[in-house]
Amino acid sequence: MSKKIVRVAVQAPLPGLFDYLFPAHMQAEPGCRVLVPFGRGKRVGIVWEFAGQKDDLPYKLKPVAQVIDDTALLDVPLRQLLEWSSNYYHHPIGEAVATALPVNLRQERAVRTHRQRYWALCATCPDAEELDARASRQKIVIQMMKEAGSAVAETQLRELGADIGSVLKRLAQKGWIEDSARYASANAESGESRQKLNLNDEQRDAVTTIVEADGQFAPVLLQGVTGSGKTEVYIQAAQAVIGQGKQVLVLVPEIALTPQLLRRFQAGIDSAVVSMHSGMGDSERERAWNAARSGDARLLVGTRSAVFVPLPELGLIIIDEEHDLSYKQQEGFRYAARDVAVMRAKQSGIPVVLGSATPSLETIYNAIQGRYQRVRLTRRAGGAVPPTLQAVDIRSEHLHGGLSATLIKAVRKCLQAGEQVILFLNRRGYAPQLTCNDCGWIAECEHCDARMTFHASAHRLWCHHCGYQKPQPKVCPACESEELVYLGQGTERLEETLGELFAETPVVRIDRDTTRRKGSLEAHLEKMHMGESGILVGTQMVAKGHDFPNVTLVGILNLDAGLLSPDFRSPEKTAQLMLQVAGRAGRGKKPGHVIIQTRNPEHPLLQELLCGDYDSFAKAELKERQEAVFPPYSYQLLLRAESSSAEKTDDFLEYAADTARELLKNVEIWGPVPAPMERKAGHFRGHLLLQAAERATLHAHVDHWTQQLRKLKTARSVRWSIDIDPQEQL
DNA sequence: AGCACGCCGACT
DNA sequence: GTCGGCGTGCTC
Ligand SMILES: [Zn+2]
Ligand SMILES: [Zn+2]
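Just so we're clear, the structure is a prediction, and the values are computed from it rather than from any experiment.

S.K.: Quick question: what am I supposed to make of the UniProt feature "binding site: Zn(2+) 2" (unreviewed entry) in chain A here?
M.R.: Mapped onto the present numbering, the UniProt feature "binding site: Zn(2+) 2" (unreviewed entry) falls at Cys445, Cys448, Cys463 and Cys466. The greatest C-alpha distance among the annotated residues, which extend across 22 residues, is 8.7 Å, indicating that they converge on a single site. Along the chain, the position of Cys463 falls in the loop between β20 (460-462) and β21 (469-471). Relative accessible area serves as the criterion here: at 1%, Cys463 is assigned to the buried category. If sequence neighbours within four positions are ignored, Cys463 has contacts with Cys445, Cys448, Met452 and Tyr468. Summarising the element assignment, Cys466 is placed in the loop between β20 and β21. When sequence neighbours within four positions are dropped, the list of residues in contact with Cys466 reads Cys445, His447, Cys448 and Ala681.

Shown next as structure tokens:
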């Protein structure tokens, strides 16, 4: 009597699948969830495969307790992708699978199948304008349905905001809208009413290249300067693929998934567009996941984790701003969504578009090697000219609140012309340092090797690394002097300075602190979106997401941190950020100007960017990487470790290094070294870097190595993880 | 990781 | 006497 054995992916920090007996009376296919006994309790796992009976089992198997689903939650291509990801990132398959499932489905909960509903307006429904001002949500729903002119998919309506479900319910109760059984085919025809996208010949060529790849793996690097209309290319290509009855996945960086962007996709696509991002609640995410899996959603716009959403008819993947660091998960299962997406396209045999004005050097290298086809968009919409760049040497100048005389003059001129200014400063808060003039005491975090930032509005000192905060001291804690001074500039302080310099001008600050609380910010932003004169102050956030039509001047207050960082990726990241911010300047007929303040005006990176373009920079930087044998000319693995003491961390990493020397051949071992900030949130952190000329060489015996590390008793008190293709050495 | 077992010090 | 500290082993 042969016993059926099933191999299950269970969420546990242990490598591999777990074997169970599969009782004859049960029925399940790979991809279904099952409830299995695990340790002392029970856990939910995914059936991975069935293995015939085995005679010599190393241990007695337990039987599956219960089958939860009758059809597979994860289809074959997605399981194949998860398996590849688990192997490539050396992370347990069960945990990889968990990141691909909505939280509700990681438990024993049944899949909630929402039949796709289509809502139509009834004749009794009043105009949106006639509604009570308080019924703003009902208003936008009615408005959207009116604009559509036919029945609208509920998934589509739900993109209008949170808890649209209750709004629909109320409208239905009033008899203003009805559940329309038929999906009005008018929707497909209403393509006429959709804005006809006017593409230039470069954009048309790009669309053709993407769409012609039909039915086979074809990675395309879409390299287009800011304002060259990459999004129109995405929309047109997506529409074409959707027209063939397929689905499209669009990945965007965390902070770029704004209502603005979503509306553009919805306006250009005549089928259900669904979004998924980290700001969503569990049930919203589950709904989007279900819509994607059932095929109700034809285009999914999502952030990092959306790369693992099931899309049974996937025909195209688009990765916008492919160089963006938020595609890399920085904890646990440290996958890079861009690279996983390319693998997904390869496994599915479909085209994949990597879009960026400033592609990562890895991607440029792939294009140079001929692995990716490069398509360029060189023209800005409306024939706009590229911005002019000017470096201002601030070494010998007395700055006014971080602003040089040159920059202040330029801002004034710009405002007088009724135009907008962006000032970029990559530091939140009021001042990055609080110090005592009498004894030299500096406010430092008790848990990190870092200084605390002063936040004026909160009257508190904040550690940006661990979140620890304390009240603003009145006197020096060391000598009781009252001579406390705030050194350096943060966005909060810059906002204050500008308020004094340009009292008549609205100043809007955009950073993590202002975007948290909405309301007043939204109102200010609205004005800026309309093009009214004003100054925008902000961190990286001003470079991404929001789009302002009337900006002609961009000031970068201090580029030096990026120029001087020892990290080998720093030049690349600095160039990308600088050009992305610079790209905000100038639209239409108005040329843009960019002022860069620096104490290193002769720095080669800066010179390269001032005289050349991103391509010439990339070429020079790739040469540097080649000479130093850094990625993409080599492959890296970073072992990260942290514990309650520097000794424990170091001992563990020393052992890891010894073991690596023994087990891993043709691999260079650097370290162990303490992390750039050794103590963070009370933990002592260290690194061990492995590098090899070939990917296969690097990966060959890693699993054996980690198995050895797991055996080490002292490793119990050390938290450690493997980071493949590390991006940041933080 | 998450849980139980087990072996030692300092409490009622 | 026993409550609880965390070192150690295990999860199909
Ligand atoms: Zn002092
Ligand atoms: Zn801290």
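S.K.: What am I meant to see in the UniProt feature "binding site: Zn(2+) 1" (unreviewed entry) in chain A here?
M.R.: Here, UniProt's "binding site: Zn(2+) 1" (unreviewed entry) annotation points to Cys436, Cys439, Cys476 and Cys479. A stretch of 44 residues holds the annotated residues, and the largest C-alpha distance among them is 8.6 Å, short enough that they meet in one place. The topology assignment puts Cys439 in the loop between β18 (433-436) and β19 (453-455). For Cys439, a relative accessible area of 43% corresponds to the partly exposed category. Structurally, Cys479 is set in the loop between β21 and β22 (484-487).

S.K.: Would you take a moment to explain the side chain of Arg509 for this structure?
M.R.: Tracing the sequence through the fold places Arg509 in strand β23 (residues 507-510). Under the relative-accessibility criterion, Arg509 is labelled buried at 7%. Among the polar contacts made by the side chain of Arg509, one reaches the side chain of Asp511 at a distance of 3.1 Å.

S.K.: What's the story with the packing of aromatic side chains in this structure? I'm lost.
M.R.: Aromatic ring pairs are reported here in terms of the distance separating the ring centres and the angle at which the planes meet. All told, the structure shown has 17 aromatic pairs when counted by the stated rule. Between the aromatic rings of Tyr88 and Tyr89, the centroid separation amounts to 4.8 Å while the plane-to-plane angle is 90 degrees, which identifies the pairing as edge-to-face. An identical accessibility class is assigned to Tyr88 and Tyr89; each is buried. Measuring from centroid to centroid gives 6.3 Å for Tyr89 and Phe333, while their planes differ by 80 degrees, and the two rings are edge-to-face. Of this pair, Tyr89 sits in the loop between α1 (76-88) and α2 (93-100) while Phe333 sits in the loop between β13 (314-319) and α12 (337-348), and the two are 244 residues apart along the sequence. Phe333 carries the same exposure label as Tyr89, and that label is buried. Put simply, the rings of Trp84, Tyr88, Tyr89, Phe308, Phe333 and Tyr335 touch in pairs and so form one group of aromatic residues. Geometry around Phe50 places Lys4 over its ring, the cationic atom sitting 4.4 Å from the centre.

S.K.: Before we go on, may I ask you to explain the packing of helix α19 (residues 570-582) against helix α20 (residues 604-611) in this structure?
M.R.: Two packed helices can be described by the angle between their axes and the distance between those axes. At a minimum axis distance of 11 Å, the contact between α19 and α20 shows a crossing angle of 35 degrees. For the pair α19 and α20, the crossing hand works out as right-handed. The segment α19 lies against α20, with Pro571, Thr574, Ala575, Met578 and Leu579 engaging Leu605, Leu606 and Leu609. Taken together, the residues of the contact of α19 with α20 sort by class into 7 nonpolar, 1 polar and no charged.

S.K.: Any chance you could explain the protein's contact with DNA strand B here in plain terms?
M.R.: Around DNA strand B, a shell composed of Pro13, Arg40 and Arg716 is seen. Counting only atoms of DNA strand B within 4 Å of the protein, the sugar-phosphate share comes to 36%. Arg716 places a side-chain nitrogen or oxygen 3.4 Å from a base oxygen of DNA strand B.

Rules and cut-offs
Residues numbered from 1 in each chain as written. Chains lettered and ligands numbered in written order. Predicted model: local features only at pLDDT ≥ 70, side-chain atom pairs only at ≥ 80, totals over all residues. Heavy atoms only, no water. UniProt positions renumbered as here; feature names shortened; annotations may be inferred. Helix = DSSP H or I, 4+ residues; strand = E, 2+ residues; numbered from the N terminus. Buried < 20%, exposed > 50% of the residue type's maximum accessible area, 1.4 Å probe, protein only. Contact = heavy atoms within 4.5 Å. Polar contact = N/O pair within 3.5 Å; in protein donor to acceptor, adjacent residues only side chain to side chain. Phe/Tyr/Trp six-rings, centres within 6.5 Å; stacked < 30°, edge-to-face > 60°. Lys NZ or Arg CZ within 6 Å of the ring centre and 35° of its normal. Axes fitted to C-alpha atoms, helices over the stretch in contact; angles between N-to-C directions. Left-handed = near helix turned anticlockwise from the far one by under 90°. Nonpolar A, V, L, I, M, F, W, Y, C, P; charged D, E, K, R; others polar. Near = heavy atom within 4 Å.

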